[in-house]
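Tertiary structure, described
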Amino acid sequence: MRIVPQHKHQKLILQCYPPGKLTDKKPNPSELSYLLYYALTRRIKLVKVVDFLEAKTKRDVKGSKSGNLQVTLGIVLALIEKCADNLNAFAAQVVSILNTMLLVKELPLCKLLVSTYGVLCSKLDGGLFTGDKLFVESFTRFTDSFITTGVNQLSGSTTNKAEWRLVALSTSKHVFNCLGFNSRLLRKFVSKCVPLLAETVLSNANQGTLLARLNSNLNVEDDKLHSLNKTVTARTAAQAREIEEHFEADAVSDLDLNEEALAALKALFNTSLSNQISEATNEVVDFNSANSSQTDVDNWGITFLEMCASWIPVQLRFIALLTLLHRLSAASDKTDDSSKNYRVLSHTAKSLLGLVSSNFNMIGLSISDVIQQLLTLQTNLHLLLADYLDAAEIKDLSKIYTQCVCNLSSHIYYFDQVQDSIEGILMQVDSVMLHADSHKTSRVQELVIVLLDNISKVMNLLTRKSSSITRNEATLENWDLGLQLLTIDKSYEEFALEASTEQKASLEAKFLQVFHEFLEIEFLKTGGKASPRKALPKIVYSESNLAEGPERFLVPDYNEYISHSQNFLNNILVHTNEYLASPSSPSVSKSLLRTLQTLLNVTGINFVHNFIPLFLYWQLIDGTGSSVEVEKDKFAYLLLKSLVEVLNEKYADLLETDLTKLSLWDALSQDINDRQTALSSGGTFKTRVTQDLIYEFFATTSVSAYINPQKSVSLDVSKIHYDHDSRANSKTPKTEETDRFQDAREKVDLANGNGLSFGLGSANDISSIHSGLANGHAKGNGHGDSLAQETLNLNNLFNLQHTNNYRYSLLPKVSDLKNTVNGQTPEDRFLFQQNSTPRSVLQKNAPATDMRLILKSLLSEEDKDIVV
């Protein structure tokens, strides 16, 4: 029955419909323009127009008038675009119209539905999704039906399968614009759409294709960095137009489907919503896991996840990584006899490895926290999950965790990252040894070896990576905590009670091997790409001209290795003395000697100063002694011989004489020969190297100011041990007898030895942040904002039984910050001495005028207690 219009808006609407029963119609242009003008004049008129269109749509669907339905969609589309400011007033009616038309399930009509739905999703805001439950339900129901219709038609239709799949893919892409408005909507459509999109990509793109797309996303494809940024936007727009043309002509190809699926995934991941990124990441990993039988999980699935993560804004990519860590932790916690979860753990760990080993950056990622969580997962794997998993499975998972730690540690985001990684691993070792279960001694030993091996692999990976990124060299002080592995009987008494001699020896040997490797790679530059160590120029001995790089360790009294009674060199020699009192095996003793000789080669005169008094303590004077004392004497003489050789080589320009031509060298050579003869014949030997001879020898050289044979020696390991509750390594009290050659300046030592690096941690650092950034440090690093990295102090749920609490004492207070910015001398615990290790990458002396304005109002007496 013909409709007789009763109102103006009805007449204007009906005039937009061309006459006839054609199936392909469009609104009359001039009448549509007038209708839009009419609807824009008053909001009440707009509502009347849409209400009438809703009623007409129902009648046209019943009458199977496809042509009129297409005209209605054209009118609705124009209303949404022109009246977007008032969309909330008629959005519910629009959804009702679209839902009614979907019942027809005709492909031409569904094509128009996709376009109209896409514009609707792009114009909606969060108002309706947060305040109108009925709209949310109707919108959700229609979207779900629309996607399902496209999928169902794939199995029921022999033609146009590609077009129907494109309907489902495009609808998925459009709904992603609305996920941020409602959490229920987010969970429902991420779980519904991601498998559909991922399946499409799996069917149409191999691993090589995905890798090329990933490289293109990261702008590292075939050295065409300069042109990619300019062409990627134009290429994407051209592809969208081409897909639309193919869609209209029913000529959709597999390539079109793949591109549309990728575009939808990009719309999903390219968001600032952390919960959306997390949900999407979980769904991708679930899909990869469910389809691992069809794809090589180590290749296609991981590359697919990396490609999706590359679309996440760079400052939020760390969310994907944290999501995987949470999955790993949850799966690890749920592992028991009934649910071993190895497959889940392995797949998730490999996915995590793919992210941390990829080329893209993750600004804002708390590197130390993530490494600590990985180390905790590795610890739980060896100590707890070993009850449920096979040895081969434990080995495989542990290898993946190690690769994650190594790749994350060697992908430099801030200057002190390598130092923090070494310390973090050694802190984990310390925690494991302190809390070792007496029934799991073998597991603890294996785990500690694995953890130490992590450091070795990090250092070797750094030498293989060709990168121009600057980082701070790790320091000797980073290894302070690890020295306790040389004195296990005193440092870890509970473990030592249950462990065998062989087990303790294996830990000592592993620590020495890794530490020696560190010295060679970091300071002697062997095995890496760095140039060989150059001869130390004479100018470095001047206080105003200190050496840079590894050569700085050769500078006399560098880092107070001479003037401070307790330093790393002294500590390792004291631990050596404790080890030699009860050596575990000849091979470990040999490794220890080799390590000390390398350390001597690195630190030169600083090592000599700390060793000479100890040599006289180890030396046998009368030619008789126990087997342990004889070995200690032999150890001391071999080290003394190396000492003279190193001085002769490293300080030739300073000494201006050949030490092998002096009296000490002759006495030393004769003593060594006599001892070798006595050991073979069982006789006694005469001692020619005495304290007076050593003193007289060095008194004739220009390094006499740094050598004191009469220096007092404290060999009590407990005085330099860390307090296991707070790890507060307090300074050993001074003895009453002051060394003749000791620097008279009294300086307060840092809590954990000399020269620890904590990134942006001190008052001096904060006062010079702006100058460091102005000079391009952060930019030059190439991997993001180190300030954001360090100041993002995420709560670490994987703490090490309070072993890192000693760092709190180093945190600057507001009062420290104010004093530094105002040019006043801060507390000496934050003072950078000229010859001390740079404790931060931003050590500058430039004033910070802008920061004074910030601090001007901080006048409270509580400043001394407020941590910056």
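Residues numbered from 1 in each chain as written. Predicted model: local features only at pLDDT ≥ 70, side-chain atom pairs only at ≥ 80, totals over all residues. Heavy atoms only, no water.

**Observations regarding helix α5 (residues 87–102)**
Cut-off, in case you're wondering: Each helix is a run of DSSP H or I of at least 4 residues and each strand a run of E of at least 2, with the numbering of both proceeding from the N terminus. Under the convention used throughout, the expected extent of a helix is 1.5 Å for every residue step, that is, one less than its residue count. Two axes enter the bend calculation: one fitted to the seven residues ending at the residue in question, the other to the seven starting there, and the bend is the angle between them. Only protein chains enter the accessibility calculation, which uses a 1.4 Å probe; a residue whose area is less than 20% of its type maximum is buried, one above 50% is exposed, and one in between is partly exposed. Note on contacts: a residue pair is in contact if any heavy atoms of the two residues lie within 4.5 Å.
Compared with an ideal rise of 1.5 Å per residue, which puts 16 residues at 22 Å, α5 spans 21 Å between its outermost C-alpha atoms and is within 8% of the ideal. At Q93, α5 is bent by approximately 25°, the largest bend along its length. Judged by how many residues are buried, α5 sits mostly within the fold: 12 of 16 residues are covered. When α5 is considered as a whole, its buried residues turn out to be L87, A89, F90, A91, Q93, V94, V95, I97, L98, T100, M101 and L102. Turning to α5, the residues buried within the fold contact α3 (43–62), α4 (66–82), α6 (107–123), α7 (127–131) and α8 (133–156).

**Considerations on the packing of helix α21 (residues 441–464) against helix α24 (residues 501–522)**
Heads up, the condition is: Between N-to-C directions, angles span 0 to 180 degrees; the directions come from axes that are lines fitted to C-alpha atoms, helices contributing only their stretch in contact. Working definition: roughly parallel below 35 degrees, roughly antiparallel above 145 degrees, roughly perpendicular at 65 to 115 degrees, and oblique for all remaining angles. By the convention adopted, Pro, Cys, Tyr, Trp, Phe, Met, Ile, Leu, Val and Ala count as nonpolar, Lys, Arg, Asp and Glu as charged, and the other residues, Gly among them, as polar.
Orientation of α21 relative to α24, taken along the N-to-C sense of each, is 10°, at an axis distance of 10 Å. By the angle between their axes, α21 is roughly parallel relative to α24. Contact with α21, carried on its side by T441, S442, Q445, V448, I449, L452, D453, I455, S456, M459, N460 and T463, involves Q503, S506, L507, K510, F511, Q513, V514, E517, F518, I521 and E522 of α24 and no other residues of that element. Across the contact of α21 with α24, the residue classes break down as 10 nonpolar, 9 polar and 4 charged.

**What to know about the pattern of salt bridges**
If the charged atoms of two oppositely charged side chains come close together, the side chains can form a pair. Where we set the bar: What makes a salt bridge here is a side-chain nitrogen of Lys or Arg within 4 Å of a carboxyl oxygen of Asp or Glu, nothing more.
Scanning all chains against the criterion turns up 17 salt bridges. One salt bridge connects R327 with D286, and the closest N-O pair in it is separated by 3.0 Å. A residue pair is termed long-range when its members are at least 10 positions apart, and R327 in helix α16 (residues 318–333) and D286 in helix α14 (residues 274–290) qualify at 41 residues. Residue R327 is classed as buried on the basis of its relative accessible area of 18%. Taking the shortest distance from any N to any O, the salt bridge between K510 and D453 comes out at 3.0 Å. A residue pair is termed long-range when its members are at least 10 positions apart, and K510 in helix α24 and D453 in helix α21 qualify at 57 residues. You can call K510 buried: its relative accessible area is 13%.

**Things to note about unusual backbone geometry**
With phi around 55°, N160 is a residue other than glycine that occupies positive phi space. For N160, the position within the fold is in the loop between α8 and α9 (161–175). We note that N559 has phi near 55°; this positive angle belongs to a residue other than glycine. Here N559 shows up in the loop between α24 and α25 (568–581).

**Structural notes on α24**
In an α-helix, one turn spans 3.6 residues; hence positions three or four apart end up facing the same way. Over its 22 residues, α24 extends 31 Å from the first C-alpha to the last, a length consistent with the 32 Å expected when each residue adds 1.5 Å. With 16 of 22 residues buried, α24 is to be regarded as a mostly interior element.

**What to know about a negative patch on the surface**
Where we set the bar: Here a patch means residues that are over 30% exposed by relative accessible area and free of salt bridges, tied together within 9 Å if like-charged and within 5 Å if nonpolar (Val, Leu, Ile, Met, Phe, Trp, Tyr). Methods summary: accessible areas were calculated by the Shrake-Rupley approach with a probe of 1.4 Å, and residue burial reflects only the protein chains presented. We treat Lys and Arg as the positive residues and Asp and Glu as the negative residues; His and chain ends play no part in the count. By convention, the point assigned to a charge is CZ for Arg, NZ for Lys, CD for Glu and CG for Asp.
On the surface, E242, E244, E245 and E248 cluster together to form a negatively charged patch. Locating E242 in the fold gives a position in helix α12 (residues 225–248). With a relative accessible area of 39%, E242 lands in the partly exposed category.

**Re the packing of α25 against helix α26 (residues 586–603)**
Selection criterion: For a crossing to be left-handed, the near helix must be turned anticlockwise from the far one by less than a right angle; the clockwise case is right-handed.
Where α25 contacts α26, the two axes come as close as 12 Å, and the packing angle between them is 165°. Overall, the two elements α25 and α26 adopt an arrangement that is roughly antiparallel. Crossing angle aside, the handedness with which α25 passes α26 is left-handed. For the pair formed by α25 and α26, the contact residues are F568, L569, I572, L573, T576 and Y579 on the first element and V588, S589, L592, L596, L599 and T603 on the second. Looking at side-chain class alone, the contact of α25 with α26 contains 9 nonpolar, 3 polar and no charged residues.

**So, the confidence of the model for the protein**
How we decide: A score from 0 to 100, pLDDT tells how confident the predictor is in each residue.
Overall, the predicted model of the protein reaches an average pLDDT of 80, with 76% of residues at or above 70. Least confident of the elements in the protein is helix α35 (residues 786–791), whose mean pLDDT is 32; most confident is α26, at 96. Below pLDDT 50 for its whole length, residues 528–545 participates in 36 contacts with residues either more than four positions away or in separate chains. Contacts from residues 825–849, a stretch scored under 50 in pLDDT, to residues over four places away or in other chains number 79 contacts.

**Thoughts on the packing of aromatic side chains**
Rule in force here: Planes of paired rings set the category: under 30 degrees apart is stacked, over 60 is edge-to-face and the rest tilted, where pairs are Phe, Tyr or Trp rings (Trp by its six-membered ring) whose centres lie within 6.5 Å.
Scanning the model with the defined rule gives 26 aromatic pairs in all. An angle of 45° between the planes, with centres 5.1 Å apart, marks the rings of W479 and F518 as tilted. Note that W479 is positioned in the loop between α21 and α22 (488–491) and F518 in helix α24, a separation of 39 residues in sequence. Just as W479 is buried, F518 falls in that class too. Look at F523 and F553: their rings are 4.6 Å apart centre to centre, the planes differ by 55°, and that puts the pair in the tilted class. Here the residue F523 occupies a position in the loop between α24 and α25, and F553 occupies one in the loop between α24 and α25, the gap between them amounting to 30 residues.

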